[in-house]
Amino acid sequence: MSKIKVTNPATGELIEEISMQSNAEIELAIKNGHQAFQKWSKLDAHERSRLIQAWSAKVQENKEELAKLMTLENGKPLNEARGEIDYSTAYLDWYAEEAKRVYGRTIPANTNSKRIIVTREPIGLVAAITPWNFPTAMMARKAAPALAAGCTFIVKPASETPLSGMKFIDYAYEVGIPKDVIQYVMGEGKVVGEIFTKSERIRKITFTGSTAVGKQLIANSSENIQHVTMELGGHAPLIVTEDADIELAVQQTVAAKFRNAGQTCVCANRIIVHESVVDEFTEKFASEVKKLEVGNGLKEGIDIGPIINEKGYNKIVEQIEDAIAKGAEALVGNQFQVDKEKGCFFVYPTVLKNVTTEMTIMHEETFGPVAPIVSYKTLEEAVELANSTPYGLAAYFFTNDYRVGHYLHDHLQFGIIGWNDGGPSAAHAPFGGMKESGLGREGGIEGIEPYLETKYLSIGGL
Ligand code: SIN
């Protein structure tokens, strides 16, 4: 049986080897999840809610242990891992409540002899594929609404960071959520994806990851007309206008750019600053970025952990090299600490100025701690630049002029917008993208919708 080696990206140490399941074992898990749906979907919503709430409490009881495990396998600073555990239980808490609010409705008929009733039902067995950058939060964002709606759930966690996600689900078992109601399977991503999309028992696929893989899953899911929710790539613009509060913009841009070492779909990727304030912003931003500490996330005071793997590292370095070759200047960073043999790749937070649209970094998602700054003259130009991407996940802007703020909100083609806010993600709000950034929304009242079918009953002869 082949094994996955889970290593610490900060030190290269082996954390654990876990077995991959065979195709037959994955098929069996699907069969069990499908069978379990009959019972779980009939459990009353208040009981499902109680169990999800208990799961959340159990995760919180074990927060420190889970956060450490996450830092070990993912590399993110321990404080960020703790924050992710809170973010994950916020999804459990929110959907434990939403379970009790899956309302139907009645519709006035066009004759007194009829009544029309609309009810909502859980969709069935849901299959999820979750990413390495937020190993428990992305699982919680999918599993919580699925279980709350009455669906059963099977997930393939990322092979780079499966341990914290698996542990997160083990806590669900500890509070009495049955094993077949929520399951994890380990296997090669492509193979598991194909098994999921070929299965008639699975009614919905939910995925967070790259746009390329998302497109493949959407194409394959057409075979059985499975429902899909896709949270895909991003290339977030961050606009700083001439009237912006520069101190606030600097502080929030650091937060938006360097969370998880820039390995976040909603990370600010293109910093677009009005020409009248670009020098002031750049200088203050660079001086804040200089203060960020790079290293092993388990150590106190570390802000930037390692890059997850060599592939991710190479992409970042290529983007920096390309920008510098085309005339950009690195004010901070452009430094690396690498041990290829051990598999450790650190990129120091980098600020690039004199960036132009000819540079790759302005067109491709970086997924690393690099902040390219460009300047603009008119707001129309800033909007055009911001929207000139196939992606539409998150955008940020900083202005204290309400007319400018509403103009930007109206014209930016992105699903999530932060106005004077570098951290808009929240369990109680709809997260998701436009264009090639995905389909559907997760979080908030919108996030349970994709797990529900609508059934319409017309009663006649009254
Ligand atoms: C992501 O990177 O996909 C998730 C980030 C978030 O939820 O804020």
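Glancing now at the packing of aromatic side chains. Two aromatic rings are characterised by how far apart their centres lie and by the angle between their planes. Under the defined criterion, the tally for this structure stands at eight aromatic pairs. With centroids separated by 6.0 Å and ring planes inclined at 90°, the aromatic side chains of Tyr-313 and Phe-336 adopt a geometry described as edge-to-face. With Tyr-313 in helix α11 (residues 310–325) and Phe-336 in strand β13 (residues 336–339), the pair connects residues that are 23 residues apart, well separated along the chain. Between the aromatic rings of Phe-397 and Trp-419, the centroid separation amounts to 5.4 Å while the plane-to-plane angle is 45°, which identifies the pairing as tilted. Note that Phe-397 is positioned in strand β18 (residues 394–398) and Trp-419 in strand β19 (residues 416–419), a separation of 22 residues in sequence.

What follows covers the sheet that holds strand β8 (residues 202–208). Pairing between sheet strands relies on hydrogen bonds along the backbone, with the strands arranged either parallel or antiparallel. If you trace the six strands from one edge of the open sheet to the other, you get β7-β6-β5-β8-β9-β21, paired in mixed fashion. Taken across any chain shown, the strands that pair with only one partner, and hence form the sheet edges, are β7 (182–184) and β21 (438–439). Strand direction decides the pairing type here: strand β5 (residues 125–129) and β8, joined by five bridges, are parallel. Paired with Ala-127 across the bridge in β8 is Ile-205. Across the face of the sheet, helix α5 (residues 137–149) comes into contact with β5, β6 (152–156), β7, β8 and β9 (227–231) while running at roughly 165° to β6. Running at roughly 150° to β7, helix α6 (residues 162–174) makes contact with β6 and β7 of the sheet.

Helices that pack against each other are described as a pair by the angle of their axes relative to one another and the distance between those axes. Packing of helix α9 (residues 246–258) against helix α10 (residues 278–290) brings their axes to within 10 Å, and their N-to-C directions diverge by 50°. Considered as vectors, α9 and α10 are oriented oblique to each other. By crossing handedness, the relation of α9 to α10 is classed as right-handed. Here Ile-246, Glu-247, Ala-249, Val-250, Thr-253, Val-254 and Phe-258 of α9 lie close against α10, whose contacting residues are Glu-280, Phe-281, Lys-284, Phe-285, Glu-288 and Val-289.

Contacts to the ligand come from 13 residues, most closely from Tyr-87, Arg-141, Arg-259, Cys-265 and Ser-425. Note that an oxygen atom of the ligand is positioned 2.7 Å from one of the side-chain N or O atoms of Tyr-87. Protein chains shield 100% of the accessible area of the ligand, which is 260 Å² for the free molecule. The site holding the ligand turns out to be the largest cavity. Here the shell around the ligand is composed, by residue class, of six nonpolar, four polar and three charged. Shared between two domains, the shell around the ligand holds at least three residues of each, these being domain 1 (3–232 + 437–459) and domain 2 (236–427).

It is worth spelling out the environment of Gly-189 at this point. Relative to the assigned elements, Gly-189 resides in helix α7 (residues 189–198). The exposure class assigned to Gly-189 is partly exposed, which follows from its relative accessible area of 36%. Separated by 32 residues in the primary sequence, Gly-189 and Pro-157 place their C-alpha atoms 9.0 Å from one another.

Pairing in this open sheet of seven strands is mixed, and the strands run β12-β15-β16-β11-β10-β18-β19 from one edge to the other. What marks the edges here is a single partner per strand, and that holds for β12 (329–332) and β19. Going across the sheet, the axis of each strand differs from the next one's by a mean of 25°, ignoring polarity. Pairing of strand β15 (residues 350–353) with strand β16 (residues 370–376) involves three bridges; the strand directions are parallel. From the neighbouring strand, Thr-350 faces β16, where its bridge partner is Val-370.

Listing the buried residues of helix α8 (residues 211–221) in full gives Thr-211, Gly-214, Leu-217 and Ser-221. The buried residues of α8 occupy an angular sector of 120° when projected down its axis, which confines them to one face. At its buried positions, α8 is contacted by β5, α7, β8, β9 and β17 (391–392).

With that settled, the discussion passes to empty space enclosed by the protein. Here the structure, examined in full by the defined rule, presents two cavities of 30 Å³ or more. Each pocket or cavity is described by its volume, and for the largest cavity that value is around 80 Å³. Lining the largest cavity we find Tyr-87, Asn-133, Phe-134, Met-138, Arg-141, Glu-231, Arg-259, Thr-264, Cys-265, Val-266, Ser-425 and Phe-431. When the residues that make up the lining of the largest cavity are grouped by side-chain class, the tally is six nonpolar, three polar and three charged.

What counts as what
Residues numbered from 1 in each chain as written. Predicted model: local features only at pLDDT ≥ 70, side-chain atom pairs only at ≥ 80, totals over all residues. Heavy atoms only, no water. Phe/Tyr/Trp six-rings, centres within 6.5 Å; stacked < 30°, edge-to-face > 60°. Helix = DSSP H or I, 4+ residues; strand = E, 2+ residues; numbered from the N terminus. Pairing = 2+ DSSP bridges. Contact = heavy atoms within 4.5 Å. Axes fitted to C-alpha atoms, helices over the stretch in contact; angles between N-to-C directions. Parallel < 35°, antiparallel > 145°, perpendicular 65-115°, else oblique. Left-handed = near helix turned anticlockwise from the far one by under 90°. Near = heavy atom within 4 Å. Polar contact = N/O pair within 3.5 Å; in protein donor to acceptor, adjacent residues only side chain to side chain. Areas by Shrake-Rupley, 256 points an atom, 1.4 Å probe, with all protein chains shown as cover. 1 Å grid on protein atoms, 1.4 Å probe; cavity = no way out; pocket = protein on both sides within 12 Å on 5 of 7 lines; lining within 4 Å. Sits in = over half its atoms within 2 Å of the grid points. Nonpolar A, V, L, I, M, F, W, Y, C, P; charged D, E, K, R; others polar. Domains from an automatic or database assignment. Buried < 20%, exposed > 50% of the residue type's maximum accessible area, 1.4 Å probe, protein only. Arc of directions from axis to C-beta. Points joined across faces, edges and corners; volume = space filled by probe spheres on them.

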